[in-house]
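# Results of the structural survey
As a plain string of letters, each chain reads:
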Amino acid sequence: MAAFGSFAILLGLVLCAYNLLAGTVALRQIAVHPDSTAMPERLAETARRAGIGSFVALTCAAFALVYCSFTNNFSVSYILHHSNRALPLPYKFAALWSGQEGSLLLWAWLLAGYGFVLRLRHKVDVKLTAYASTILAGIQIFFTLLLVFAAPPFALVQGAVPADGFGLNPLLQYPEMVIHPPMLYLGYVGFSVPFAFALGALMMRYPGEKWIHITRRWTMVTWLFLTFGIFLGAHWAYSVLGWGGYWGWDPVENASLMPWLTGTAFLHSVMMQEKRGMMKAWNVWLIFVTFMLTILGTLLTRSGLVSSVHAFAESSIGSWFWTFEVITLSVCLFTYLRNRDHLRTEHQIESLVSRESSFLFNNLVLLAACFTILWGTLFPIISEYVQGNKVTVGPPFYNRVAVPIGIFLLFLTGIGPVLAWRSTSFKSVRKNFILPTAAGVLTAVVLMAAGMRPWTDVGTLYSLMAFSLAALVTTAIASEFWRGARVIQRHTGKNLLFSVVQLTRRNTRRYGGYLVHIGVVIVFIGLAGSAFNRSKEREMGFHDSMSIGPYRLVCQSYTQDSNANYDSEYELLNVYQNGKFLLRMSPERRFYHASQQTETMVADHSTLQRDLYVVYEGKNPDTDQPIIKVFINPLVAWIWIGVIVMALGTLLALVPNMSAAQGTAPSRRPPVRAEEGIPQAAGVGD
Amino acid sequence: MIFAACAVLLIGIFIYVFYPQRKAEEQTQKTRLEFLRERKDVVYENLRDLNFEYRAGKYPEEDYAAQRAALENEAAQIVAEIDFLEGDVHAA
């Protein structure tokens, strides 16, 4: 099977190379001789089919690796190092992406999968898709070259084959790790598609903004995967690393956040291009940078340039990624310089108080956040180069900069939707902002009356600001729904709930977007709770107890257990809340036989108010008593709920508008009266 | 067995890629007229959106009038150019 896998990768490489070569020749011939015979188009068609074929080949390769893992084929070096006989089946499947070679194969396969869909849907715009397919083939070549020369997943073990494998890294033996990496990779890889379309559109000087329309769903789906991937990673860190937090500003966490920030900026600023033909060069560079940041993320993960919890993936393939980054930047720069006149804006920003300005601010703030994180992440490398010693930047640096930026972004989330395109008069601002502002101020007053003291420390101040802005944004968005629904209600005579549903179905992109903003607000509420985290640590033997917040924990027993995969130590704790029995928790520490590594299994009782988070830290060697650390983390559950709301909002935005879905013919004339806005309100309006 | 699987994969993909096509999809260059039609649709949608938001009470009368005039002006220019180009197409 290993030979089959290697052959399939090699075949994939050949097919991608053919796609790139034949595609380029065909596109060049069509560009130079537009009225020639059908030969170049036939050549382009074979290139497209080769791209589709590369997906088939790489699917076979991925299947072969999973098969080797399931059948304990330890003659394959990758399986020997990332699996063992006692490993549960889901983790054997996850072995596909648990190491360097496998995860690169997953990347190449997902890229081919995206390319497969793109090439199947080529009729949406044959020429533009041919450009995008050819560019995508270039990216595919890079990853398949890596698989053939730098990190072959089917390399065989030299000498005698061991009877059992060395096992999977214990950090990865957690259910979320079966879905977190594929989600993240789907996000990373997915940005290749809008990148390929943007670069292709610029190369062919594509007239108009239809390429944005074509890639909109791709970008949103990709963004959704990346969002899910990031938050699943945060949840995994929270549940497995046992330090009581979910985000440690680890370089690899940062690497996933950076393209998310630029991708979010892109999703917003393309609306300006679609609606008003503005920010064309900006948008093209945003997606170029987003793509390059996804590669940088992989570079940081793989090269070991910076130390990280993901150090298990370190290797020496960094130079390959540097080379690819330089080539990508050169191609982008060359194409941009050659065609920059094509990106001339059709309109200018007319007023500082307008939807366009709010989008621009949003973009600048997101990019400032991205640059800050990039600077902090690369600072150890820069400091080593300049001073000769590695200076690592810790969470205080990021928190000092990123928290105010986040709060300003939250503010923009609220004001953007209520500003008008072009310009907003003072009268309009006053009219639309009174209620949200009042809600924000009222929330601040109530919280301070309830005992919040923002002047005591900066964390509390930020929390108060986040809660108040959350109220402001929620009110602003709710009033958007209410106003729109009232129009529908007046027109149809139905109830308000029906009208809200109708309104949303008429413009899913806009109202789905609002739902995403509500999700962001909920996430911020959860983040704001971190200012009030508390923890306690002590030895807890039989019947020892510890009180924290409203909880009292009493040790019932502590013991050991063993199975084929690991030995474990755990403690049984009865938890009482306000004197009443609540539940039993069992924090655990495992020792994995194959990898000879230990791992923490946190016990977490999560409610909307707070998480009771209990960690078994090990035994005190002097007393042989377990050490238990307990955290009270307020509002953490809101983060995960917020992410689900963001996902639902994105899914809603992906649904076609009601009139579009029902095949309503587009209007042949402009609406001449205000009333005409009602039945046809299914436009792209944002 | 492995050799046979490799051969099947190779031959299958080779046939799929190079199987003669009856008619390849034509790669046409988008015309100015198509671009203007797209643009017209966008401006109309902007107008509908503006109308809806005005009806929702989001904008005062004077803001609405000014923005509407600007959008209608833009639409008129696009429609005039479309009419001119369509006239050329029909004449040809």
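Overview of the structure. (Residues numbered from 1 in each chain as written. Chains lettered and ligands numbered in written order. Predicted model: local features only at pLDDT ≥ 70, side-chain atom pairs only at ≥ 80, totals over all residues. Heavy atoms only, no water.)

### Quick look at the overall build of chain B
Along chain B, the regular secondary structure elements total three helices and zero strands. Along the chain direction, N to C, the helices and strands of chain B fall in the order α-α-α. For chain B, whose C-alpha radius of gyration is 26 Å, the value lies well above the compact-globule estimate of 12 Å for 92 residues. Pairs at least 24 residues apart make up 68% of the contacts formed inside chain B by residues separated by at least 6 positions. (Helix = DSSP H or I, 4+ residues; strand = E, 2+ residues; numbered from the N terminus. Rg over C-alpha atoms; globule rule 2.2 N^0.38 Å. Contact = heavy atoms within 4.5 Å.)

### Some remarks on the interface of chain B and chain A
Size of an interface: often given as the accessible area lost when the parts come together. Listed by partner, the interface residues are 48 residues for chain B and 81 residues for chain A. Buried area between chain B and chain A, both sides added, is near 5400 Å², and the carbon and sulfur share of it is 57%. Inspection of the chain B/chain A interface yields four salt bridges. Here B:D49 ties to A:R510 by a salt bridge, and the two come within 3.0 Å at their closest N and O atoms. Elements with a minimum of two residues in the side of chain B that touches chain A: helix 1 (2–18), helix 2 (32–55) and helix 3 (61–91) of chain B. (Buried area = accessible area lost by both parts, 1.4 Å probe. Salt bridge = Lys/Arg side-chain N within 4 Å of Asp/Glu carboxyl O.)

### Some words on unusual backbone geometry
Peptide bonds are, in most cases, trans, and in most cases residues other than glycine have a negative phi. All names here are of chain A. Despite not being glycine, W249 shows a phi value in the positive range, around 55 degrees. For W249, a relative accessible area of 13% puts it in the buried group. Within the chain, N578 stands out as a residue other than glycine whose phi angle is a positive 50 degrees. Relative to the elements of secondary structure, N578 occurs in the loop between strand 4 (566–577) and strand 5 (580–585). (Buried < 20%, exposed > 50% of the residue type's maximum accessible area, 1.4 Å probe, protein only.)

### Quick look at the side chain of A:T413
All names here are of chain A. Along the chain, T413 turns up in helix 14 (residues 395–415). Only 2.7 Å separates the side chain of T413 from the backbone oxygen of L409, close enough to count as a polar contact. When neighbours within four sequence positions are excluded, T413 is seen to be in contact with V473 and H517. (Polar contact = N/O pair within 3.5 Å; in protein donor to acceptor, adjacent residues only side chain to side chain.)

### Looking at the environment of A:I644
You can see A:I644 is positioned in helix 19 (residues 636–654). Each C-alpha atom, one on A:I644 and one on A:N73, is 39 Å from the other, the two residues being 571 residues apart in sequence.

### Re the pattern of salt bridges
Enumeration over the complete set of coordinates arrives at 19 salt bridges over all chains. A:E45 serves as the salt-bridge partner of A:R48, at 2.7 Å between the closest nitrogen and oxygen. One end of the pair, A:R48, and the other, A:E45, are both in helix 2 (residues 39–70), three residues apart, so they sit about a helical turn from each other. With respect to class, A:R48 is no different from A:E45; both count as buried. Salt-bridge contacts for A:K275 lead to B:D49; the nearest nitrogen and oxygen are separated by 3.9 Å. Placement of the pair is A:K275 in helix 10 (residues 251–276) and B:D49 in helix 2, with the two residues belonging to separate chains. Each member of the pair A:K275 and B:D49 is classed as buried.

Geometry only, nothing functional implied.
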